[in-house]
Amino acid sequence: MTASQRRSSLAIFDLDNTLVDRDRFFGEWAEAFVRQRQLDREATLAVLREADEDGSAPRVLFFEKVRARVGLDEPTDRLIDDYWRDQLRRYRCHPETLAGLRNLRQHGYKLGIATNGGAGQIEKIGACGLDDLVDAVCVSQMVGFAKPDPRLFGALAEQCGVPLDHAWVVGDRPETDIAGAVAIGVRSVWIRRGKVWGEAGFAPTLVADTAAQAMHLVLTADAVGVVD
């Protein structure tokens, strides 16, 4: 099947825990945070993980909760600044992920990143070198819509200059990424992160363990004409 015959022309990726291993970077930061302040490791790591809400908690609320639970005197603003400096030093993409993106582009796909969050997401993307490999980026707080709102995906497709019809959505969150794919009527690949699918009302088209594997599945599915 040639690029002009392929049904899919757009692959939309989540950022954290999809294109980049956010769990790893947060864990590295958390260990350093505990060690530098000589805090009780087990208890503090549990607080950090709970307050983080798997990355969805705004950093202001995250650190306010951490300060109260751990008993820190450091100002929230300084904690946030230190956190982002640390994370931007750590953020990077696995070489297989970068190679997979280049391969998709060589096969004629437009590539986009749709991520919930604020301007810090743009800095992460730049730190990983992803800005040179994708055609568009939409960050929820910058466009005014958050996944799974179809308008975020629509804005990304418009920036890429292609329709949403027959796009793929790749991400780790059932409630935002896969639900978003369902909302716009396209196929999806769920990055399972060692979890078992638990949603009863909808399901991903395909399941992968890594972004690189997801990209391979997309190419294979389109090559053999897998449809919704």
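Anything mentioned here points back to the structure above.
Nothing here was measured: the structure is a model prediction, and the numbers come from that model.

(A) Structural view of the packing of helix α1 (residues 22-37) against helix α2 (residues 41-52). Two elements in contact, α1 and α2, have axes whose closest approach is 10 Å; the angle formed by their N-to-C orientations is 140°. With respect to α2, the element α1 is oriented oblique. In terms of crossing hand, the pair formed by α1 and α2 is right-handed. Within the contact between the two elements, α1 uses R22, D23, F26, G27, W29, A30, E31, F33 and V34 and α2 uses R41, T44, L45, L48, R49 and D52. Within the contact of α1 with α2, the residues separate by chemical class into seven nonpolar, two polar and six charged.

(B) Molecular detail of the nonpolar core. One finds F13, L19, V20, L101, L104, L111 and L130 to be the most contacted residues of the largest nonpolar core, which totals 30 residues. Every element with two or more residues in this core is listed here: β1 (10-13), α5 (95-106), β2 (110-115), α6 (120-128), β4 (168-171), β5 (187-191) and α10 (211-223). The dominant element in this core, judged by the number of residues it contributes, is α10, at six residues. Filtering out sequence-adjacent residues up to four positions away, F13 remains in contact with L19, L101, L104, L111, G112, I113, A114, V170 and M215. Judged by nonpolar contacts, the second largest core, of 18 residues, contains C138, V169, I184 and V186.

(C) Representation of unusual backbone geometry within the structure. For the bond running from K147 to P148, omega is 15°, close enough to zero to count as cis. Mapping P148 onto the fold places it in the loop between α7 (140-143) and α8 (150-160). Backbone geometry places N17, a non-glycine residue, at a positive phi of 65°.

(D) Representation of helix α9 (residues 174-184) in the model. Burial analysis of α9 places eight of its eleven residues in the buried class, which makes it a mostly covered element. Residues P174, T176, D177, I178, A179, G180, A181 and I184 constitute the buried set of α9. Check the buried side of α9 and you find it contacts α8, β4 and β5. G185 sits one or two residues past α9 and shows a positive phi near 75°.

(E) Spatial organisation of helix α4 (residues 76-90). Here α4 is 15 residues long and its end C-alpha atoms lie 21 Å apart, about the 21 Å a rise of 1.5 Å per residue gives. When we look at burial in α4, the residues that qualify are T76, L79, I80, Y83, D86, Q87 and R90. Down the axis of α4, the sector holding all buried residues measures 135°, keeping them to one side. Of the exposed residues in α4, the ones pointing more than 90 degrees away from its buried face are D77 and R89. Against the buried residues of α4 lie α1 and α3 (59-70).

(F) Region of interest: the layout of surface pockets. Within this model, the largest pocket holds a volume of roughly 650 Å³. Considering the residues around the largest pocket, the lining is formed by 29 residues, among which G55, S56, N116, G117 and Q121 are closest to the centre. Every element with two or more residues in the lining of the largest pocket is listed here: α3, α4, α6 and α9. Looking at the lining of the largest pocket, the element that brings in the most residues is α6, giving four residues. Residue composition of the lining of the largest pocket, grouped by class: six nonpolar, eleven polar and twelve charged. The volume enclosed by the second largest pocket comes to roughly 380 Å³. In this structure, the second largest pocket is lined by 18 residues; those nearest its centre are T18, V20, D21, H94 and T97. Elements with a contribution of two residues or more to the lining of the second largest pocket: α1, α5 and α10.

Parameters and conventions
Per chain, residues are indexed from 1 in the order of the written sequence. In view of the model being predicted, local features appear only for residues whose pLDDT reaches at least 70, and side-chain atom pairs are presented and counted only at 80 or more, with totals across whole chains, interfaces and linings using the full set of residues. The side-chain figures draw on all heavy atoms in the structure; neither hydrogens nor water molecules are used. Inter-axis angles, ranging from 0 to 180 degrees, are taken between N-to-C directions of lines fitted to C-alpha atoms, where helices are fitted over the stretch in contact. Labels follow the DSSP assignment, with helices taken as runs of H or I lasting at least four residues and strands as runs of E lasting at least two, numbered in each case from the N terminus. When an angle is under 35 degrees it counts as roughly parallel; over 145 it counts as roughly antiparallel; between 65 and 115 it counts as roughly perpendicular; any other value is oblique. Two helices that cross are described as forming a left-handed crossing if the nearer one is turned anticlockwise from the farther one by less than a right angle, and a right-handed crossing if clockwise. Residue contacts follow a heavy-atom distance rule, with two residues in contact if any of their heavy atoms lie within 4.5 Å. Any residue that is not Ala, Val, Leu, Ile, Met, Phe, Trp, Tyr, Cys, Pro, Asp, Glu, Lys or Arg is counted as polar, Gly included; the first ten are nonpolar and the last four charged. Throughout this description, the term nonpolar core refers to a set of buried Ala, Val, Leu, Ile, Met, Phe, Trp, Tyr and Cys residues connected via side-chain atoms within 4.5 Å. Categorising residues by exposure relies on relative accessible area from a 1.4 Å probe, with only protein chains included: less than 20% of the type maximum marks a residue as buried, more than 50% marks it as exposed, and the intermediate range marks it as partly exposed. A helix is expected to reach a length of 1.5 Å times the quantity of its residues less one. The arc in question is the one traced by the directions running from the helix axis out to the C-beta atoms. Every definition here rests on a 1 Å grid over the protein atoms only: cavities are sets of points where a 1.4 Å probe fits but cannot get out, pockets are open sets enclosed by protein on both sides within 12 Å along at least five of seven lines, and lining residues have some atom within 4 Å of a point. Grid points are joined across faces, edges and corners, and a volume is the space filled by probe spheres set on the points.

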